[in-house]
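# Structural characterization, general
Okay, here's what each chain looks like letter by letter:
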Amino acid sequence: MKYRIIPVTPFQQNCTLLWCEQTRKAAVVDPGGDLARIKAAVAEEGVQLEKILLTHAHIDHAGGSAALARELGLTIEGPERGDEFWIEGLPKQSQMFGFPDVEVFTPDRWLDDGDSVSFGEVTLEVIHCPGHTPGHVVFYHPESALALVGDVLFQGSIGRTDFPRGDHATLIRSIREKLFPLGDAIDFIPGHGPMSTFGAERQANPFVADRFG
């Protein structure tokens, strides 16, 4: 599996294009907006986009999903059903943050902990990691030692929990009990900012480092 990070929206959200090297079939994770930029990356890499994968339903991650799915005939998989109220509230989110008008949608498939999603010959494991939002999921590719963690964890920080149905203790538990056990060497792509490893965050992240546990 290969990947390309495509920062989108004024929030510089790390939309990520993933593709199978054998089949050139692809998925895009969290197409929050700037769809022309996403489509240009697909064309430049010469891949066939098949589906949209969503970690959660905040507007900078999910805002472009309905339009992209309709235009390119894609399916939408994720997040977990706990984020349904965030999808229903996308128009209000767009007004609040000054985003272009967005459409409400129903994912073709809600995801649960332990599910898998696939494109080409690539299979990603689905890990439910609530706290930032109740329906947040993480996509994990063991063969690449890579996780796409959305807004659960960042280099040196963690996701906000002051949104409706966010919960700090739940988020910390998701990180320590669901993500860190995958291994210190796992690279992760966060929803914003630079990549890191779980090991680096266990060492130095002021919110979830081992010494603060």
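Residues numbered from 1 in each chain as written. Predicted model: local features only at pLDDT ≥ 70, side-chain atom pairs only at ≥ 80, totals over all residues. Heavy atoms only, no water.

- Taking an unreviewed UniProt entry as the reference, the chain is identified by name as MBL fold metallo-hydrolase belonging to Marinobacterium weihaiense.
- According to the UniProt record, the Cofactor (unreviewed entry) comment for the chain reads "Zn(2+)". (UniProt positions renumbered as here; feature names shortened; annotations may be inferred.)

## Focus: the pairing of strand E4 (residues 48-53)
- Looking at chain direction, strand E3 (residues 25-29) and E4 are connected through five bridges and run parallel. The partner of Ala27 across the bridge, within E4, is Lys51.
- At this point the chain moves from E3, through helix H1 (residues 35-45), to the parallel E4, and the crossover so formed is right-handed.
- Pairing between E4 and strand E5 (residues 75-77): three bridges, direction parallel. By the bridge assignment for E5, Leu53 is matched with Glu77. (Pairing = 2+ DSSP bridges. Helix = DSSP H or I, 4+ residues; strand = E, 2+ residues; numbered from the N terminus. Right-handed = clockwise from strand over helix to strand, strands pointing away.)

## A word on the packing of aromatic side chains
- Overall, the coordinates contain six aromatic pairs when judged by the stated rule.
- Judged by centre distance (5.6 Å) and plane angle (85 degrees), the rings of Phe11 and Phe97 are edge-to-face. Placement of the pair is Phe11 in the loop between strand E1 (2-8) and strand E2 (13-19) and Phe97 in helix H5 (residues 90-97), with a sequence separation of 86 residues.
- A residue is classified by how much of its surface remains accessible, and Phe11, at 34% relative accessible area, is partly exposed.
- Connected via pairs of aromatic rings, a cluster forms that spans Phe11, Phe97 and Phe99.
- The cationic tip of Arg165 hangs over the ring face of Phe85; the distance from NZ or CZ to the ring centre is 3.9 Å. (Phe/Tyr/Trp six-rings, centres within 6.5 Å; stacked < 30°, edge-to-face > 60°. Buried < 20%, exposed > 50% of the residue type's maximum accessible area, 1.4 Å probe, protein only. Lys NZ or Arg CZ within 6 Å of the ring centre and 35° of its normal.)

## Here we look at the UniProt feature "domain: Metallo-beta-lactamase" (unreviewed entry) in the chain
- UniProt feature "domain: Metallo-beta-lactamase" (unreviewed entry): in the numbering of this structure it lies at residues 12-192.
- End-to-end, the C-alpha atoms of residues 12-192 are 6 Å apart, and along that stretch the chain is 27% helix and 28% strand.

## Brief notes about helix H6 (residues 168-179)
- Counted at 1.5 Å a residue, the expected span for H6 with its twelve residues is 16 Å, and the 16 Å between its end C-alpha atoms agrees.
- Three or more residues of H6 are buried, namely Thr170, Leu171, Ile172, Ser174, Ile175 and Leu179.
- Where H6 is buried, its residues meet strand E8 (137-141), strand E9 (146-150), strand E10 (153-154), strand E11 (157-158) and helix H7 (198-204).
- N-capping of H6 is provided by Asp167, with a side-chain oxygen placed 3.4 Å from the backbone N of Ala169. (Expected span 1.5 Å × (residues − 1). Contact = heavy atoms within 4.5 Å. Polar contact = N/O pair within 3.5 Å; in protein donor to acceptor, adjacent residues only side chain to side chain.)

## Things to note about a nonpolar patch on the surface
- On the surface, a nonpolar cluster with roughly 300 Å² of combined accessible area is contributed by Phe11, Met96 and Phe97.
- For Met96, the location among the structural elements is in helix H5. (Patch = residues over 30% accessible without salt bridge, like charges linked within 9 Å, V, L, I, M, F, W, Y side chains within 5 Å. Areas by Shrake-Rupley, 256 points an atom, 1.4 Å probe, with all protein chains shown as cover. Salt bridge = Lys/Arg side-chain N within 4 Å of Asp/Glu carboxyl O.)

## Quick word on the sheet that holds E2
- Ordered by their spatial adjacency, five strands build an open sheet running E1-E2-E3-E4-E5, and the pairing between neighbours is mixed. In this open sheet, the two edge strands, each paired with only one partner strand, are E1 and E5. Between one strand axis and the next, the sheet turns through 30 degrees on average, direction left out of account.
- H1 contacts E1, E2, E3 and E4 of the sheet and is inclined by roughly 155 degrees relative to E1.
- Where helix H3 (residues 65-72) meets the sheet, it contacts E3, E4 and E5, and its direction lies at approximately 150 degrees from that of E4. (Axes fitted to C-alpha atoms, helices over the stretch in contact; angles between N-to-C directions.)

## Here we look at the environment of Gly213
- Mapped onto the fold, Gly213 is located in the segment after H7.
- Between the C-alpha atom of Gly213 and that of Arg176, which follows or precedes it by 37 residues, the distance is 8.9 Å.

## Looking at the environment of Phe180
- Counting through the fold element by element, Phe180 comes out in the loop between H6 and strand E12 (187-190).
- C-alpha separation for the pair Phe180 and Asp30, spaced 150 residues apart in sequence, amounts to 22 Å.
- Setting aside residues up to four positions removed in sequence, Phe180 forms contacts with Leu153, Ile175, Phe198, Glu201, Arg202 and Val208.

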